[in-house]
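# Topology and contacts: notes
Residues per chain are reported as follows:
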Amino acid sequence: ALQIERPDVAKKLLDLMQQKDDDAPLTQLATAWVNVQIGGERLQEVSYIFQELGDRFNWTPKLLNGAAVCNMVMGKFEEAEKQSLEALSKDPKQPDALANLVSVCLHLNKPASKYLTQLKAADPNHPLSK
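Going along each chain's sequence as written, the residues are numbered from 1 onward. Reporting in this predicted model follows two pLDDT cut-offs: at least 70 for local features of residues, and 80 or more for side-chain atom pairs to be given and counted; totals over whole chains, interfaces and linings ignore these cut-offs and use all residues. Heavy atoms from the whole structure form the basis of all side-chain values; hydrogens and water molecules are not counted.

### Looking at the overall build of the protein
Heads up, the condition is: We count a stretch as a helix when DSSP gives it H or I for four or more residues in a row; a strand needs E for two or more, and each element gets its number in order from the N terminus. Throughout, the radius of gyration refers to the C-alpha atoms, and the reference size of a globule is 2.2 Å times the residue count to the power 0.38. By definition in these notes, contact holds between two residues if any of their heavy atoms fall within 4.5 Å. Throughout, the Shrake-Rupley method with a 1.4 Å probe supplies accessible areas, and for residues the shown protein chains are the sole cover considered. Positive charge is attributed to Lys and Arg, negative charge to Asp and Glu, and no charge count is given to His or to the chain ends. Each charge is placed at NZ for Lys, CZ for Arg, CG for Asp and CD for Glu.
A tally of helices and strands in the protein yields seven helices and zero strands. Put simply, the protein runs from its N terminus to its C terminus through helices and strands in the order α-α-α-α-α-α-α. Computed over C-alpha atoms, the radius of gyration of the protein comes to 15 Å, within 12% of the 14 Å expected from 2.2 N^0.38 for 130 residues, which places it in the range of a compact globule. Taken over the C-alpha atoms alone, the protein extends approximately 45 × 30 × 25 Å along its principal axes. Within the protein, contacts between residues at least 6 apart in sequence are counted, and of these 43% link residues at least 24 apart. Only carbon and sulfur atoms are counted for the fraction: they give 54% of the accessible area of the protein, which is about 7,700 Å². Once the 15 positive and 17 negative side-chain charges of the protein are each reduced to a mean point, those two points are 6 Å apart.

Below, the structure written as structure tokens:
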């Protein structure tokens, strides 16, 4: 539902997940993604969710990218850059990390062409590759 930009539908599905098991890792991850999309005061909670999941289950590129997106939405681009670079060090062809780095570099007035070139090679169908 989030991919088609329907946070209202995603929130309804999340409510069902929370009724079943609010503490399940998948529910927590879904909570984080829905709240990133909604934004506002929930963003700090999202940051805590990613931190808890990363500490509990090890930091994967997906968790690092989620935390980076959260930090970008909060305007913390330096922190987002660190997390995206760490994700990229774990998986050098990870399209989300590369896309995040393109965005972060543009916000920090740093060259982004290196990451854009890598993204085009890693995922020619990515929206930023076109």
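Anyway, onward from the coordinates.
### Some details on the packing of helix α4 (residues 61-73) against helix α6 (residues 95-107)
We apply this condition: Axis lines are fitted through C-alpha atoms, for helices just across the contact stretch, and the angle between N-to-C directions can take any value from 0 to 180 degrees. Angles are sorted into four bins: roughly parallel if under 35 degrees, roughly antiparallel if over 145, roughly perpendicular if 65 to 115, and oblique for all others. Throughout, a crossing is termed right-handed when the near helix is turned clockwise from the far one, and left-handed when it is turned anticlockwise from it by less than a right angle. Here the term charged refers only to Asp, Glu, Lys and Arg, the term nonpolar to Ala, Val, Leu, Ile, Met, Phe, Trp, Tyr, Cys and Pro, and the term polar to all other amino acids, Gly among them.
Contact geometry of α4 with α6 gives a least axis separation of 10 Å together with a crossing angle of 20°. Between α4 and α6, the crossing angle belongs to the class labelled roughly parallel. By crossing handedness, the relation of α4 to α6 is classed as left-handed. Here Lys62, Asn65, Ala68, Val69 and Met72 of α4 lie close against α6, whose contacting residues are Asp96, Ala97, Asn100, Ser103 and Val104. In the contact of α4 with α6, the residues fall into five nonpolar, three polar and two charged.

### Here we look at the nonpolar core
To be explicit about the condition: Only buried residues count toward a nonpolar core, which is a set of Ala, Val, Leu, Ile, Met, Phe, Trp, Tyr and Cys residues joined through side-chain atoms within 4.5 Å. Each residue's exposure class comes from its accessible area (1.4 Å probe, protein chains only) as a fraction of the maximum for that residue type: buried when under 20%, exposed when over 50%, partly exposed otherwise.
Val46, Phe50, Leu88 and Tyr115 are the most contacted members of the largest nonpolar core, which has 22 residues in total. Those elements that provide at least two residues to this core are α2 (25-38), α3 (43-57), α4, α5 (77-90), α6 and α7 (113-122). Considering each element in turn, this core owes the most residues, six residues, to α6. Setting aside its immediate chain neighbours within four residues, Val46 contacts Ala32, Asn35, Val36 and Cys70.

### Observations concerning the packing of aromatic side chains
Put simply, the rule is: We call Phe, Tyr and Trp rings a pair once their centres come within 6.5 Å, taking the six-membered ring for Trp, and we label the pair stacked below 30 degrees between planes, edge-to-face above 60, and tilted otherwise.
Per the counting criterion, the structure on display carries one aromatic pair. Seen from their ring centres, Trp33 and Phe50 are 5.9 Å apart, and the 80° between their planes marks the pair as edge-to-face. Of this pair, Trp33 sits in helix α2 while Phe50 is found in helix α3, placing the two residues 17 residues apart along the sequence.

Nothing here speaks to function; it is all geometry.
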